[in-house]
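Examining the three-dimensional arrangement
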Amino acid sequence: EVQFVESGGGLVEAGGRLRLSCTASGFTFDDYAIVWFRQVPGKGREGVSCISSRDGSTAYADSVKGRFTISADTTKIPVHLQMNSLKPEDTAVYYCAAKLWASCTGFQFYDGMDYWGKGTLVAVSS
């Protein structure tokens, strides 16, 4: 059984910071992309950031560039999302997901992810 688990969410004031982590068990693949998505009620899922196991390359949505940083341990998993200068519009449930045999090119348009975590809530107050 493959399982992904997110952690690190919480309630912060605007301008604050949080660090999310994504861990995995039973995951033995070596060619994949890890994508952070976020979703709020009434809105579609948004791809936030991506990191590739192939070369460590990263990608970001325009809405978070300069504020969020994705990184990986030397073991490639866990993957982390450092979120600084948080805004109320960042409020969402954040999910990590894995897509096998994929890079981060075009990650915001990916569908058919192979594995999903259950999400962690980030709430930013104004």
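Structure first, text after, so check above.
A few points on the structure. Values in this document were obtained by computation on a predicted structure and should not be read as measured data.

Details of the pattern of salt bridges
Following the criterion strictly, the structure yields 5 salt bridges and no others. Close ionic contact of Asp 31 with Arg 54 constitutes a salt bridge, the shortest N to O distance being 2.7 Å. Placement of Asp 31 in the loop between strand E3 (18-25) and strand E4 (32-39) and of Arg 54 in the loop between strand E5 (46-52) and strand E6 (58-60) is noted, with a sequence separation of 23 residues between them. We classify Asp 31 as partly exposed; its relative accessible area is 22%. Measuring nitrogen to oxygen at the nearest pair gives 2.8 Å for the salt bridge that ties Arg 67 to Asp 90.

Quick notes on the packing of aromatic side chains
Enumeration according to the criterion identifies 9 aromatic pairs in this entry. For the ring pair Phe 27 and Tyr 115, a centre distance of 5.9 Å and an interplane angle of 85° mean the geometry is edge-to-face. Of this pair, Phe 27 sits in the loop between E3 and E4 while Tyr 115 sits in strand E10 (residues 115-116); the two residues are 88 residues apart in sequence, bridging distant segments of the chain. Judged by relative accessible area, Phe 27 falls into the buried class, the value being 14%. Tyr 115 gets classed as partly exposed once you look at its relative accessible area, which sits at 23%. The interplanar angle of 85° and the centroid separation of 6.1 Å between the aromatic rings of Tyr 95 and Trp 116 together place this pair among those described as edge-to-face. Taken as a pair, Tyr 95 in strand E9 (residues 92-100) and Trp 116 in strand E10 lie far apart in primary sequence, 21 residues in all. Through a chain of ring-to-ring contacts, the aromatic side chains of Phe 4, Phe 27, Phe 29, Tyr 32, Trp 101 and Tyr 115 assemble into a single cluster. Positioned over the ring face of Tyr 110 is Lys 99, at 5.6 Å from the centre of the ring.

The rules behind the values
- Residues numbered from 1 in each chain as written.
- Predicted model: local features only at pLDDT ≥ 70, side-chain atom pairs only at ≥ 80, totals over all residues.
- Heavy atoms only, no water.
- Salt bridge = Lys/Arg side-chain N within 4 Å of Asp/Glu carboxyl O.
- Helix = DSSP H or I, 4+ residues; strand = E, 2+ residues; numbered from the N terminus.
- Buried < 20%, exposed > 50% of the residue type's maximum accessible area, 1.4 Å probe, protein only.
- Phe/Tyr/Trp six-rings, centres within 6.5 Å; stacked < 30°, edge-to-face > 60°.
- Lys NZ or Arg CZ within 6 Å of the ring centre and 35° of its normal.

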